[in-house]
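# Observations on the model geometry
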Amino acid sequence: MTDCIFCKIAAKNIPAKIIHEDDLAIAFEDINPQAPAHTLIVPRKHIPTALDIEHTDQALIGHLFRIGAKIARDKGIAGKGFRLVMNTNADAGQTVFHIHLHLLGGRAMHWPPG
Ligand code: AMP
Ligand code: ZN
């Protein structure tokens, strides 16, 4: 999608600190980190929200979680704990309408989230 910031990052038209990429997905550091570790895991396919995930996307979504777990291990935060979060629509604070998992870690987090 031409107007989407995460499609542009995936196409390397906008710079980002990319830490993983493969045929299906890309992961890069959040520009406004909310924790010592804050990485976004993003499918190359433009899917606006979690509500738009189709049956044929199920393996892709599992792939995103596996990338998140690998990055958590690589960053040394897996054992202590981390979150993989997908915000959906306004009440959850979604601002970029191309689905992404937030990997958050490196500090203790509260529950319920704010
Ligand atoms: P959400 O609010 O769940 O849609 O998350 C969007 C996230 O994308 C926010 O945490 C932003 O800080 C992050 N973000 C927006 N633009 C960029 C960018 N150009 N590079 C890296 N992260 C970005
Ligand atoms: Zn997009």
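Residues numbered from 1 in each chain as written. Chains lettered and ligands numbered in written order. Predicted model: local features only at pLDDT ≥ 70, side-chain atom pairs only at ≥ 80, totals over all residues. Heavy atoms only, no water.

### Considerations on the coordination of the zinc ion (ligand 2)
Every protein donor of the zinc ion (ligand 2) is listed here as Cys4 (SG), Cys7 (SG), His46 (ND1) and His98 (ND1), and their distances to the metal cover 2.0 to 2.3 Å. For the zinc ion (ligand 2), the 4 donor atoms are set out with angles of 104 to 117 degrees between them, so the coordination reads as tetrahedral. Here the donor residues of the zinc ion (ligand 2) are spaced in sequence according to C-x2-C-x38-H-x51-H. Of this pair, His46 sits in the loop between β3 (37-43) and α2 (58-74) while His98 sits in the loop between α3 (89-92) and β5 (101-105), and the two are 52 residues apart along the sequence. (Donors = N, O, S within 2.8 Å, 3.2 Å for Na, K, Ca; no water. Tetrahedral: all angles 85-135°; square planar, octahedral: opposite > 155°, others 65-115°. Helix = DSSP H or I, 4+ residues; strand = E, 2+ residues; numbered from the N terminus.)

### Focus on the site of ligand 1
Around ligand 1 there are 16 residues in total, and Asp30, Asn87, Gly93, Thr95 and His102 lie nearest to it. Take Asp30: an N or O atom from its side chain is 2.5 Å from an oxygen atom of ligand 1. Between an oxygen atom of ligand 1 and a main-chain N or O atom of Gly93, the distance comes to 2.8 Å. With 3 residues, the single largest contributor to the shell around ligand 1 is helix α1 (residues 5-10). (Near = heavy atom within 4 Å. Polar contact = N/O pair within 3.5 Å; in protein donor to acceptor, adjacent residues only side chain to side chain.)

### A few points about the sheet that holds β3
The strand order across the open sheet formed by 5 strands is β1-β2-β3-β5-β4, and the pairing between neighbours is antiparallel. Two strands close off the open sheet at either side, each with one partner strand: β1 (18-21) and β4 (82-85). Averaged over all pairs of adjacent strands, the angle between their axes in this sheet comes to 15 degrees, without regard to strand direction. Its contacts with the sheet put α2 on β1, β2 (25-29), β3, β4 and β5, and the angle it makes with β3 is roughly 155 degrees. (Pairing = 2+ DSSP bridges. Axes fitted to C-alpha atoms, helices over the stretch in contact; angles between N-to-C directions. Contact = heavy atoms within 4.5 Å.)

### Concerning the side chain of Asp57
Locating Asp57 in the fold gives a position in the loop between β3 and α2. Using a relative accessible area of 3% as the deciding quantity, one classes Asp57 as buried. A polar contact is formed between the side chain of Asp57 and the side chain of Lys45, at a distance of 2.7 Å. (Buried < 20%, exposed > 50% of the residue type's maximum accessible area, 1.4 Å probe, protein only.)

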